[in-house]
Structures are given as structure tokens and as C-alpha cells.
Amino acid sequence: MITRRPLMPLSLLAFVLSCPPPAQASDDEFVSQARAARAAIRDFAGPAGSRLNSDQEWEALLELLRDPDPSVRISAARALRNFAAQREEVRAALLGLYRDETEDLDVRRAAAKTLSVASLNSRVRESLLDYARRGCELSLRVLSCKALYFCADSYPVVRQALLDAVERAGDKRERLGALWGLFSASANSEVRRVLLETARRGKDQDLRVEALKSLYQTMLNAEAVEPVYDMARDGAEEPAVRYPCILLLSAVGTSRTRELLAELARRERDPRLREAAITAMNPSDERILRYFHLGGRTQTGRI
């Protein structure tokens, strides 16, 4: 029998983290206390975060967004994921961190990740879109593109901004982020065209792979199936590009694609591609879900 330790109330965490160390504490003792406090809130903001549900808890988390320790602010921003779509106060506080040019960059990134789940809100969506287009910090622009993925299917202006970044952004990292952000919009014909064009004729391997990964949700469309099937079968194609193509066939499930997967599993010379074919024969394999970020594309470790 597994014994679960009780959750530490956030009000208690806020108190612990706000209290200064005793005056007589040595430097080593202070470091030890700080590490213990940080570990506690990180633990709370992780798996336990899914159980947050009271006004008292989200209000305590908002207080922790003002903590002097950036690692505490990061953990609080992550834990607020469960409230960002419902609470205007939470969105306003996170937007404040996200827009603050003087804030620690990792804190701003954590805020952007949490705001991604609230991107259907017009204020959040416009802020993410504006930074994706004109923000000063490259890594945050990339993350902003990714954070727009949830609303890219519903808002043409978001789709077009991401498509423009794919085709015209000067930095490869921005193009990769925009490709990632188009994942949920791949059923749109123009998005599908750009993704396929990048996958088939792109000159950069990383961009080709990212475009293929964003095709997963449209793999029942014949326009996507045929070129992906051909690249998966083509022994002259780059192995790094064939790999996502083979895994993509797991989403198709026709007799033709099953036969190709069986053939690759038996005869493919590259062991990694053989393993991919075997994996793709079981569409519910967790390795496929992880590879395509299914079920949690904006969880803090995946965006």
C-alpha cells in the first residue's frame, strides 16, 4: 500500500518562503533552508498542481509570483496553469510577468507556457501574437509562436502570422517554433500545403522534420498520406526524415500502410528505422505519443 504524504497548503508555503532566515544562521544553513523551500514549492507546482481548486490557493500562488527568488516565481507560474483560462486575475498577473522586459527571462518563459492554455482569450492571444512578431528576445519570440498553437486552428490572423514566420523568418529557430505552433491547424489546406512543401522540398533537415511532426493530425487526408508514404519508403531519403514519416503512418492504418510498416520491420537495414516501423505498428504506443507531443504539447516540459 502506498502512503501519500499530505500536500503542503500554499498559504503555508507562502509563509515559509517569505520568512527571512534566522539571524544566527550560517551561509550553509541558509543555502540548505532555501533549497528545501524551493524543493517544496517545485514539488507542489508539479504533479500536485493538478489538484489545485480553491480561491485561497490561486490567490496564494499570485502572491508567490512576487517572490524575490526567480525559481519560486517560475514554479508559481507553472502551478497557475490550472487557473489561467478561468481567472482574469491570473491572466493579468502572468501577462505582467511575460511583458516585463526587466523580469528574469526564465520567469517570462514560464509565464508564456502557462498563458498558452488561455490563448483563446483575446488579450492573451494578442499579447502572444504581438511578441511573436516583434519581440526583442529571440527565445521568447520562439516560445510565443509555440504558445499560439492552441488557437491557430480557430483564428486566421494567428495562422497567417505563423505561416509568414515559416516562410520568411530570418532565424531558423523562429521557423522551427512557427512550424511547431501550426500543429493543431494542419487540417487547414494552406497550412497543410506549407507543411508538406517544407517536408518534401526544404533544404534544412531540422525544418523538414518539424514540419512532418506537425502533420500528425491531418494524416487521414490523402494529400498528406501519399507524400509521407513515399518518403517513408524511399531508401535514398535521409534517415532522419524517414523516421517521422514512418511514425506518421501509425495514424493512417490502411492495409497499404500496414504492409509497408511490416516490410520495413523485416527488411530495413537501419536499426532505428526498423524500430520506428515496429513501433508504428502499435498506434497507441507511448513512444509515438511522446514523439508528437500528443496529450500535452504545452506542458512545461514539452513546449
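Everything numeric in this text was worked out from a predicted model, so none of it was measured.

**Q** In this structure, what is going on with the overall build of the protein? I would like to understand it.
**A** Along the protein, the regular secondary structure elements total 18 helices and zero strands. Considering only contacts within the protein whose residues lie at least 6 apart along the sequence, 63% involve residues at least 24 apart. Of the accessible surface of the protein, which amounts to about 15400 Å², a share of 49% is contributed by carbon and sulfur atoms.

**Q** Please explain helix H4 (residues 70–79) as it appears in this structure.
**A** Given 3.6 residues per turn, any residue in an α-helix points the same way as the ones three and four places further on. Where burial is concerned, most of H4 is hidden: eight out of the ten residues are buried. For H4, the full list of buried residues reads Ser71, Val72, Arg73, Ile74, Ser75, Ala76, Ala77 and Ala79.

**Q** Could you clarify how one ought to interpret the environment of arginine 193 in this entry?
**A** With respect to the element layout, arginine 193 can be found in helix H12 (residues 189–201). Judged by relative accessible area, arginine 193 falls into the partly exposed class, the value being 39%. Through-space distance from the C-alpha of arginine 193 to that of glutamate 223 is 8.7 Å; in sequence the pair is 30 residues apart.

**Q** What exactly am I supposed to notice about the side chain of arginine 108 here?
**A** Along the chain, arginine 108 falls in helix H6 (residues 105–115). When its relative accessible area of 3% is taken as the criterion, arginine 108 is described as buried. Here the side chain of arginine 108 touches tyrosine 98 through a polar contact of 2.9 Å, landing on its backbone oxygen. If near-sequence neighbours (up to four positions away) are discounted, arginine 108 is found in contact with Leu97, Tyr98, Arg99, Asp100, Glu101, Glu103, Tyr131 and Leu140.

Parameters and conventions
Residues numbered from 1 in each chain as written. Predicted model: local features only at pLDDT ≥ 70, side-chain atom pairs only at ≥ 80, totals over all residues. Heavy atoms only, no water. Helix = DSSP H or I, 4+ residues; strand = E, 2+ residues; numbered from the N terminus. Contact = heavy atoms within 4.5 Å. Areas by Shrake-Rupley, 256 points an atom, 1.4 Å probe, with all protein chains shown as cover. Buried < 20%, exposed > 50% of the residue type's maximum accessible area, 1.4 Å probe, protein only. Polar contact = N/O pair within 3.5 Å; in protein donor to acceptor, adjacent residues only side chain to side chain.

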